[in-house]
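Read off the chains here:
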Amino acid sequence: MAKKGNISSRNLRLSDQIQKDLAEMIQRELREPRLGLVTLQSVSLTPDYAHAKVYFTVLGAQPDEAEAILNEKAGYLHSLLFKRLHIHTVPTLRFFHDTSVERSIEMSKLINQANATRARDDDEA
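Counting restarts for each chain, with residues numbered from 1 along the sequence as it is written. Note on the predicted model: pLDDT of at least 70 is required for a residue's local features to be given, and 80 or more for side-chain atom pairs to be given and counted; whole-chain, interface and lining totals, by contrast, use all residues. Computation of side-chain values: all heavy atoms of the structure, hydrogens and water removed.

## Some details on helix 3 (residues 74-84)
Taken as a whole, helix 3 has its buried residues at Ala 74, Leu 77, Leu 80 and Leu 81. All buried residues of helix 3 fall inside an arc of 125° around its axis, so they share one side. In this structure, helix 3 carries Gly 75, Phe 82 and Lys 83 as exposed residues pointing more than 90 degrees from its buried face. Looking at the buried side of helix 3, the elements it contacts are helix 1 (9-29), helix 2 (63-72) and strand 5 (92-97). Throughout, exposure labels follow a simple rule: accessible area from a 1.4 Å probe, protein chains only, divided by the maximum for the residue type, with under 20% read as buried, over 50% as exposed, and the rest as partly exposed. Each helix corresponds to a stretch of at least 4 residues labelled H or I by DSSP, and each strand to a stretch of at least 2 residues labelled E; elements are numbered beginning at the N terminus. This arc describes the spread of directions from the helix axis toward the C-beta atoms. Pairs of residues are marked as contacts when any of their non-hydrogen atoms sit within 4.5 Å.

This is the structure we're talking about:
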């Protein structure tokens, strides 16, 4: 069986399928205006498939509030997922706001500022 790091190909396929199904279910089934536009970034499964960490970003809502709503609805989403997936163990879901995109944007801004400052200093010298 092919492995990527310590993650089996089955684990990766299941993670991808869960991400795809959850993204669709969140959009169609959760009629919560305070949720904003949720984008699922990744799903990380434990080796026994019992638990899934679902990482998301959000537009038009407060990340903490969106995380609370998603975790409140996790049981409902789990039951919907159980009906879709034909596997013995459907993982419990735990949602986490993914800050990597915001951190990347902030790092890019800092790099651009540093380069602009260096260019000014070089021009003055």
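## Quick look at the sheet that holds strand 3 (residues 37-45)
If DSSP finds at least two bridges between two strands, the strands pair. Pairing in this open sheet of 3 strands is mixed, and the strands run 3-4-5 from one edge to the other. Edge positions in the sheet fall to strand 3 and strand 5, since each of these pairs with one other strand and no more. Shown here is a sheet whose adjacent strand axes are inclined to one another by a mean of 30°, direction ignored. Two strands pair when backbone bridges link them, and strand 3 and strand 4 (residues 51-59) are joined in this way by 8 bridges, in the antiparallel orientation. Residue pairing across strands places Leu 45 opposite Ala 52, the latter belonging to strand 4. Helix axes are fitted only over the stretch in contact, all axes being lines through C-alpha atoms; the angle between N-to-C directions runs from 0 to 180 degrees. Sheet contacts for helix 2: strand 3, strand 4 and strand 5; angle to strand 5, the most-contacted strand, approximately 175°.

## Things to note about the packing of helix 1 against helix 3
Direction vectors running N to C along helix 1 and helix 3 enclose 125°, while the axes themselves pass 10 Å from each other. The orientation of helix 1 with respect to helix 3, classified from their angle, is oblique. Read as a crossing pair, helix 1 and helix 3 show a hand that is right-handed. The segment helix 1 lies against helix 3, with Ile 18, Asp 21, Leu 22, Glu 24, Met 25, Ile 26 and Glu 29 engaging Tyr 76, Leu 77, Leu 80, Leu 81 and Arg 84. Polar here means any residue outside two lists: the nonpolar Ala, Val, Leu, Ile, Met, Phe, Trp, Tyr, Cys and Pro, and the charged Asp, Glu, Lys and Arg; Gly therefore counts as polar. Grouping the amino acids of the contact of helix 1 with helix 3 by side-chain chemistry returns 8 nonpolar, no polar and 4 charged. The scheme is simple: roughly parallel for angles under 35 degrees, roughly antiparallel for over 145, roughly perpendicular for 65 to 115, oblique for anything else. By definition, turning the near helix anticlockwise from the far helix through less than a right angle yields a left-handed crossing, and turning it clockwise yields a right-handed one.

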